[in-house]
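Given next are the chains, with one letter for each unit.
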Amino acid sequence: MALSNDVIITAGKSDARIKGRFARDLIRDKFLYLLLLPGLLLIVVFRYIPMYGVIIAFQDFNIYKGILGSEWVGFAQFTRLFHSPDFYEILRNTVLISLYKLIASFSVPIILSLLLNELRQVMFKRFAQSIIYLPHFVSWVIFSGVIIAFLNPVDGMVNTVIKGSGGSAINFLGDVRYFRSVLVLSDIYKEVGWGTIIYLAAIAGVNADLYEAARMDGANKLRQMWHVTLPSIRPVILILIILSLANILEAGFQQIFLLYNALVYDVADIIDTYVYRVGIQDANYSYATAAGLFKSVVAMILILTVNKIVKKTGQEGLW
Amino acid sequence: MGLSTGEKIFMYLNVLFFIILMIVMIYPFWYMIMGSLSNSDMTADGGLFLTPAGFSLAAYIAVFQNVSILSGFKVTLITTAAGTVIGTIFTAALAYAISKKRLRGQFFFSLMILFTMLFSGGLVPSYLLVKALGLVDTYWAMILPGTMGAWNIFVMRSFFKGIPEELEEAAKIDGANDLTVFFRVVLPLSKPVLATVGLFIAVGYWNDFFSSVLYTTQKDMWQLQMVLKDIISNTSAAISQAGISISVQNEVNSFTVKMASIIVSSLPILVVYPFLQKHFVKGVLIGSVKG
């Protein structure tokens, strides 16, 4: 009895001591919390409140009644979504477009960085890098202007060339056969240079002795790239591929939004553009939020899975 | 070390390849500059525009007479400046606080930031929030939602973790508190990472048009890129804009005006880019080594 009382008393004491230490730490770090506060507040307001807002996906949300006053409908919006033919079309388009882009956007920058690495003139190499990084910083609005001007069926440069060589003009942006190719090619064009940066850094880290040894064995440049450079940067390539798989539902909203039109919805409408049209333009808030929530949840599952896989391969994951 | 004939040929071909690639990358801008300088009567057939077809500055006069472009410049300058300053300072302050292991809740706050990378409320709830806050048609709608990015916070945190603890302790012995340490010791040491993150934030604001799509109902609150989008996608809008005098309207066509508008609005980025490029590259590499 005496013993257990004793235990209780000491437990109470250390509890108080912990509380005291806690309060003391808070006071000691008061300025750090002050620094933390504005940024955290912005995150809570503009990131976390919308997360709470997704509950309208389970409502028949009415903007005048608000979240608290709107009627709850359970999974009705999702049932409607999964029964809509639109859903399979936008899911297919999203996955296909981003898969095409993924294949292009990891293969081309690798080849380009191998070639960049072979440039011996430092000044020329730097200059070439500056030029090919540039399109990354030009906005999609400007780029869409370039694409529209170049592909214009009446007086665009590409069609002028086609017509000049005896062909007939092609409406690239209004033709379901060409639209996705335009998306993928313009995406490569804009991002290929930027995509080389990480590979170049990895290549720079390859042990120079390996190249010397390969040369001794009579390997030419191509064989050195194949047998030395590529295996050495394989971990980086692998990580980047896996990570981009996690983003498979990001097909490039801005680019598509700026280039697509009703003629090519069948092949170009992705989840994000659909959410915008249905949700914001037609004010079907709950239904569009359900579609958006579907995407967010799948994306989260993908990232968590991918991170696990990356860690299993012995690499450092995202966290 | 001598090079074999095969290697020499490869080297020359490689250089040639990059020269061609650079031309391909530069050409669209060249095309647009030449197109914008062309005489409107001579652009109807299209073509390569290696040189201007005729010569006329009327398209540029039209751009600078265009009330929408001028107000777009104003809106974008304000949102970019405010967004970059607020974003960079608050990101740095938050990142510094959570870089301290001793801070109670540090792990929880980091987790909270990390979670924003995994899950988002999506477009519609964010839109409804900005509406509910009464920010529609204000600059804040285009500034605040984009200020804090998880990636930027973690890039800064890993940089701050690399600053030797002794420097901060020395300042504390001299009587400095965490605030003065942050502003007087840490920030001056962090110029490279501040420049890098600040530049990424700035480019994001400069290139933003979608905030205008979502959060503005009045044309005079449009960001520059939104004005540009309107000019590009709407042929009649290109010429018949408020402010453009009739005599100028007669001397331009929608093509030359579109090209001139694109050049004028991408010029600021093209001009500062060569000087800042190395900071951008550094940012990608810091980010990829992660903390």
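Here is what the cut-offs are and how they apply
Residues numbered from 1 in each chain as written. Chains lettered and ligands numbered in written order. Predicted model: local features only at pLDDT ≥ 70, side-chain atom pairs only at ≥ 80, totals over all residues. Helix = DSSP H or I, 4+ residues; strand = E, 2+ residues; numbered from the N terminus. Rg over C-alpha atoms; globule rule 2.2 N^0.38 Å. Buried ≥ 20, exposed ≤ 12 C-beta atoms within 10 Å, placed from the backbone. Contact = placed C-beta atoms within 7 Å. Domains from an automatic or database assignment. Nonpolar A, V, L, I, M, F, W, Y, C, P; charged D, E, K, R; others polar. Axes fitted to C-alpha atoms, helices over the stretch in contact; angles between N-to-C directions. Parallel < 35°, antiparallel > 145°, perpendicular 65-115°, else oblique. pLDDT = per-residue confidence, 0-100. Left-handed = near helix turned anticlockwise from the far one by under 90°. Expected span 1.5 Å × (residues − 1). Bend = angle between axes of the 7 residues up to and from the residue.

**Comments concerning the overall build of chain B**
1) Next: Within chain B, the secondary structure is distributed over 15 helices and zero strands.
2) Next: For a compact globule of 291 residues, the expected C-alpha radius of gyration is about 19 Å, and chain B comes in at 24 Å, more than 25% above that figure.
3) Next: Here the C-alpha coordinates of chain B stretch approximately 75 × 70 × 35 Å along the principal axes.
4) Next: Looking at chain B residue by residue over its 291 residues, the buried ones come to 42%.
5) Next: Taking the contacts inside chain B whose residues are at least 6 apart along the sequence as the reference set, 73% of them involve residues at least 24 apart.

**Re the overall build of chain A**
1) Next: Check the secondary structure of chain A and you find 15 helices and two strands.
2) Next: The globule rule puts the C-alpha radius of gyration for 319 residues at 20 Å, and the 28 Å found for chain A is more than 25% above it.
3) Next: Taking the principal axes of the C-alpha coordinates as reference, chain A spans close to 100 × 65 × 35 Å.
4) Next: Here chain A, with 319 residues, has 34% of them falling under the buried criterion.
5) Next: Here the contacts in chain A between residues at least 6 apart in sequence split such that 66% fall between residues at least 24 apart.

**Topic: the domain arrangement of chain A**
1) Next: Looking at the assigned domains, one finds that chain A contains domain 1 (1–58) and domain 2 (75–312).
2) Next: One C-alpha centre belongs to domain 1 of chain A, the other to domain 2 of chain A, and the line joining them spans 43 Å.

**Section: the interface of chain A and chain B**
1) Next: Listed by partner, the interface residues are 68 residues for chain A and 75 residues for chain B.
2) Next: A per-element tally of the side of chain A that touches chain B places helix α2 (residues 30–53) of chain A first, with 16 residues.
3) Next: A per-class count over the side of chain A that touches chain B returns 47 nonpolar, 14 polar and seven charged.

**Regarding the packing of helix α7 (residues 150–161) of chain B against helix α10 (residues 191–206) of chain B**
Residue and element names in this part refer to chain B.
1) Next: Closest axis-to-axis distance for the α7/α10 pair is 10 Å, and the angle between their directions is 175°. Taken as axis vectors, α7 and α10 run roughly antiparallel relative to one another. Listed contacts from α10 to Asn152, Val155, Met156 and Phe159 of α7 are Val193, Val197, Phe200 and Ile201.
2) Next: Residue classes in the contact of α7 with α10 are distributed as seven nonpolar, one polar and no charged.

**Description of the environment of Ala283 of chain A**
1) Next: Counting through the fold element by element, Ala283 of chain A comes out in the loop between α14 (271–281) and α15 (285–312).
2) Next: Between the alpha carbons of Ala283 of chain A and Ile63 of chain A there is a distance of 9.4 Å; along the sequence they are 220 residues apart.

**Some points on the environment of Ser212 of chain B**
Residue and element names in this part refer to chain B.
1) Next: Mapped onto the elements, Ser212 comes out in helix α11 (residues 210–215).
2) Next: Ser212 sits 75 residues away from Asp137 along the chain, and the two C-alpha atoms are 8.6 Å apart.
3) Next: Residue contacts for Ser212: discarding those within four places in its chain leaves Met142, Trp222, Gln223 and Met226.

**Remarks on the confidence of the model for chain A**
1) Next: Confidence in the prediction for chain A averages 88 pLDDT; 94% of positions are at 70 or higher.
2) Next: Least confident of the elements in chain A is helix α1 (residues 2–28) of chain A, whose mean pLDDT is 67; most confident is α2 of chain A, at 96.

**So, the packing of helix α9 (residues 179–204) of chain A against helix α11 (residues 221–246) of chain A**
All names here are of chain A.
1) Next: Between α9 and α11, whose axes approach to 9 Å, the crossing angle comes to 140°. Pair α9 / α11 crosses with right-handed handedness. Residues Ile198, Tyr199, Ala202 and Ile203 of α9 pack against Thr229, Ile233, Val236 and Leu240 of α11.
2) Next: Residues belonging to the contact of α9 with α11 are distributed by class as follows: seven nonpolar, one polar and no charged.

**Re the environment of Glu71 of chain A**
1) Next: Position of Glu71 of chain A among the secondary structure elements: in strand β2 (residues 71–72).
2) Next: With sequence-adjacent residues up to four places away left out, Glu71 of chain A is seen in contact with Gln59 and Asp60 of chain A.

**Considerations on α9 of chain A**
1) Next: Compared with an ideal rise of 1.5 Å per residue, which puts 26 residues at 38 Å, α9 of chain A spans 38 Å between its outermost C-alpha atoms and is within 8% of the ideal.
2) Next: Of all bends in α9 of chain A, the biggest is about 50°, found at Glu191 of chain A.

**Points about unusual backbone geometry**
1) Next: At Ala283 of chain A, a position not held by glycine, the phi torsion is positive, near 60°.
2) Next: Overall, the presence of 12 C-beta atoms within 10 Å leaves Ala283 of chain A in the exposed class.
3) Next: One non-glycine residue, Asp137 of chain B, lies in positive phi territory at about 65°.
4) Next: Within the element layout of this structure, Asp137 of chain B appears in the loop between α5 (123–132) and α6 (139–143).
5) Next: The exposure class of Asp137 of chain B is partly exposed, given the 13 C-beta atoms found within 10 Å.

**Overview of the confidence of the model for chain B**
1) Next: On average, chain B scores 88 in pLDDT, and the residues at 70 or more come to 92%.
2) Next: Averaged pLDDT values over the elements of chain B bottom out at 65 in helix α13 (residues 235–239) of chain B and peak at 97 in α6 of chain B.

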